Amino acid sequence: MSYSTNFIISMVELSEQELTIIDPNVWEAIAGPKTTCIKSPWYDMLHPYVAMNSIRTKEGYAPRRKRWDEALGLTAIYVPDKVIRIQHYATQLLRHIKASGTHPVNVTTWYHHFAFDFVGELAFGQSFGLTDDPTTSTTTKELAEVPKLVSQGVGALRFFTPLPWIGQLTFSYAPYLPFVSRNWNKAMSWAAKTCDSRLARFAGQKENDIEVISGQGDAFSRFIRQAARDNDLLSLDRHALYGDAYVITVAGSHTTALTLTMISYELARNPELQKKLREEVVASGAVRPHPDGDMRSEALDVATIDKLPFLNGCINESLRLYPAVPTGGIKQTTDKSITVGDQVIPPQTVIVAPRWSIGRMESSFERANEFIPERWTTQPHLVKDARGLNGFGIGRHQCPGKQLGTTEIRMVLAMVVSNFSWTFTPDEKNPTSVADEYLDSYTARAGALNLIFTPLA
Ligand code: HEM
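Residues numbered from 1 in each chain as written. Predicted model: local features only at pLDDT ≥ 70, side-chain atom pairs only at ≥ 80, totals over all residues.

Attention now goes to the overall build of the protein chain. Scanning the protein chain for helices and strands turns up 18 helices and 13 strands. Within the protein chain, buried positions represent 46% of all 457 residues. Partitioning the contacts of the protein chain with sequence separation of at least 6, the portion at a separation of at least 24 is 73%. (Helix = DSSP H or I, 4+ residues; strand = E, 2+ residues; numbered from the N terminus. Buried ≥ 20, exposed ≤ 12 C-beta atoms within 10 Å, placed from the backbone. Contact = placed C-beta atoms within 7 Å.)

Shown next, in the form of C-alpha cells:
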C-alpha cells in the first residue's frame, strides 16, 4: 500500500459542520487519552505527501510517530550532542548581535536564522548557514534560500484552512498561481529533493551497509536506518519521507523562533521583567564567560537553566499569549458524538480550538491579556484554570519536539539576557507591529521587531 491512497478516502470523509470551541474543556475531549476524535481533513493538505502528522487514523499514526520519537533523539546518547549544537548556533547569533553595535537588530529575522540553522543540522546534518560569519561561510546561495522558500510555502496554507480541499485543488491544478501554489509547490520540491539526495546515499549498497553510510547522527539518518533495518517499507515510502522533511523543518523552526521573538518583545516593553530574568540567570551561574572571550556563551549548565522558574514563567506566558500553533491541531468527531463540558458535539463535526483565545480567557487567568511570568511562580492565584495553557498540545498528537524546543528557547534566552540588555529603537518607542502582524498559517509568524542591544559589562 502507498500512503497516497489515504487521500482518496479523505475526500469522501469531508465534514459538513465545523465548530470553534473556546473552552479549556475542549482539549481533553478532542485530544486526551480517551478521545474518539481523529484529525480533520485539513491534514490532507500535503497531498500527495503524507507526513507523520498527516495520518488521520490512530492505527496508521502510532507506528510512524514511534519512529519519529526515536529519531528526534530524546535518548541519553543524543542529548549532549543536541546541547552542543544549540550552543553553537546561539553563539553565532550572539556574535551577530554584538557586531551590530548600536544598529537595530530585527530579531524576528535573526531568531528565524538561528532556528533554521539548528533544525537543518538536527534534521539533515547540514545548517543553512544563515548565522555564519559571511567572511568565512561556505554555504551556497541555494541552501541559504531554503528557509525563505519553506516559510513562503507554509504561508500559503493560511488561505485554505476553512476549506482545505480548495487548497489541494489549487496546488494541483493551478500550480503556478503566484504567492499561493507556486510557493507551496517550490517548498514541496525542496523537501523531495532533500530526501532524494539523502536516499541516494543508499543506492547500490547492500542492506547491511546502511548503518555505515547513514551514520552521521542526524534525525533523517536515524529514521531511515531504523526503518530500513526493520524492513518498514511504509515509513520509507517517498511520499512519507518528503512530507516529514517539510513538516519537521517548519514545525522545528517557526515555533521556537516565534516564541523567542515574542518573549524579547514583552521584555522590551517591561524592562523590570527583563532585569528580573537577567538577575535570575546570572545568579544561577549557569551561563559562564568563555575563557578566551568576553561573552557568556560557553560551558552552559543546561540542567540548571532548565529549572529556572522565572525563565520558565516567561516561556509559559509567551505560549499562552502568542501560541506558536494558534489553531493547528484541528480534529473532528467520528461516527460518535463527544461531550465538551455539558455540551454534546455531534458526529462528523470538525472542531477548531484556538489557543490564542482559550489562553486569554478571564475565567482561566486573571488579567488575562497581560504578560505576567510570576503567575507561574510567586503569584499562582493569577491562574484559575491552568488548562488554558496548551502550548504543545496533549495526548497522542502532542508535539514531539516539546523537550527539544523548550531547551532551545531556554538556552538562547539565557545566553542573550546574560550578555545584553535591549530596548526598542528610539524612533519606535512602543512598536506593536510585531504583535499586530502576528499571522496564523498553521505555525504563526510575527511582524518585524527591531531592537537595540547594549552589551553588559
Ligand atoms: C516552542 C516550540 C514548539 C511549540 C510551541 C510547538 C507546538 C506544537 C503544537 C501545538 C503541535 C500540535 C499538537 C496537536 O496536534 O495538538 C505541534 C506538533 C508538532 N510539532 Fe511542535 N512545537 C514546538 C517545537 C517543535 C520542534 C522543535 C519540533 C521538531 C524538531 C516540532 C515538531 C512537531 C511535529 C512533527 C508536530 C506534529 C505532531 C503530530 O501531529 O503528529 N515541534 N507542535
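After that view of the structure, there is still more to cover.
As a further point, take the UniProt feature "binding site: heme" (unreviewed entry) in the protein chain. In the numbering adopted here, UniProt assigns the feature "binding site: heme" (unreviewed entry) to Cys399. Locating Cys399 in the fold gives a position in the loop between helix H16 (355-358) and helix H17 (402-417). By C-beta crowding, Cys399 is classed as buried, having 20 other C-beta atoms within 10 Å. Once residues within four sequence positions are removed from consideration, Cys399 is found in contact with Phe392 and Gly393. (UniProt positions renumbered as here; feature names shortened; annotations may be inferred.)

A word on the nonpolar core. By size, the foremost hydrophobic cluster in this structure holds 99 residues, and its most contacted members are Ala90, Phe114, Tyr246, Val412, Leu413 and Ala414. Element by element, the count of residues in this core is highest for helix H5 (residues 107-124), at eleven residues. Not counting chain neighbours up to four residues away, the residues in contact with Leu413 comprise Leu260, Ile263 and Leu311. One finds Val26, Ala29, Ala31 and Val350 within the second-largest nonpolar core, a separate group that totals 17 residues. (Core = buried A, V, L, I, M, F, W, Y, C linked by C-beta atoms within 7 Å.)

Here we take up unusual backbone geometry. One non-glycine residue with positive phi stands out, namely Gln348, at about 55°. Position of Gln348 relative to the elements: it lies in the loop between strand E8 (343-345) and strand E9 (349-352). Its identity is not glycine, yet Tyr442 carries a phi of approximately 70°, on the positive side. By the secondary structure assignment, Tyr442 is in the loop between strand E11 (439-441) and strand E12 (443-445).

Contacts to the ligand come from 28 residues, most closely from Gly252, Gly329, Gly393, Gly401 and Gly405. Considered class by class, the residues forming the shell around the ligand number 14 nonpolar, 13 polar and one charged. (Near = placed C-beta within 6 Å. Nonpolar A, V, L, I, M, F, W, Y, C, P; charged D, E, K, R; others polar.)

Along the chain, the position of Leu130 falls in the loop between H5 and helix H6 (141-155). Among the residues examined, Leu130 registers 25 C-beta atoms within 10 Å and is labelled buried. As for Leu130 and His112, which are separated by 18 residues in sequence, their C-alpha atoms are 9.0 Å apart.

Right, let's talk about the pairing of E9 for a bit. Each regular strand displays side chains that alternate between the two surfaces of the sheet. By the alternation rule, side chains of E9 split into Thr349 and Ile351 and Val350 and Val352, which are all buried. Note that strand E1 (residues 17-20) and E9 share four bridges and pair parallel. Its bridge partner being in E9, Leu19 is matched across the sheet by Ile351. Across two bridges, strand E6 (residues 331-332) lies against E9 in antiparallel orientation. Looking at E9, one finds that Lys331 is bridged to Ile351. (Pairing = 2+ DSSP bridges.)

If you trace the three strands from one edge of the open sheet to the other, you get E3-E13-E10, paired in antiparallel fashion. Edge positions in the sheet fall to strand E3 (105-106) and strand E10 (420-424), since each of these pairs with one other strand and no more. Across five bridges, the pairing between E10 and strand E13 (residues 450-455) is antiparallel. When the bridges of E13 are listed, Ser421 appears paired with Thr454.

What follows covers the confidence of the model for the protein chain. For the protein chain, the average pLDDT comes to 84, and 86% of its residues sit at 70 or higher. Long-range and interchain partners of residues 1-15, a stretch whose pLDDT sits below 50, account for 24 contacts in this model, where long-range means more than four residues apart. Of the regions scoring below 50 in pLDDT, residues 75-80 engages in one contact with residues more than four places distant in sequence or in other chains. (pLDDT = per-residue confidence, 0-100.)

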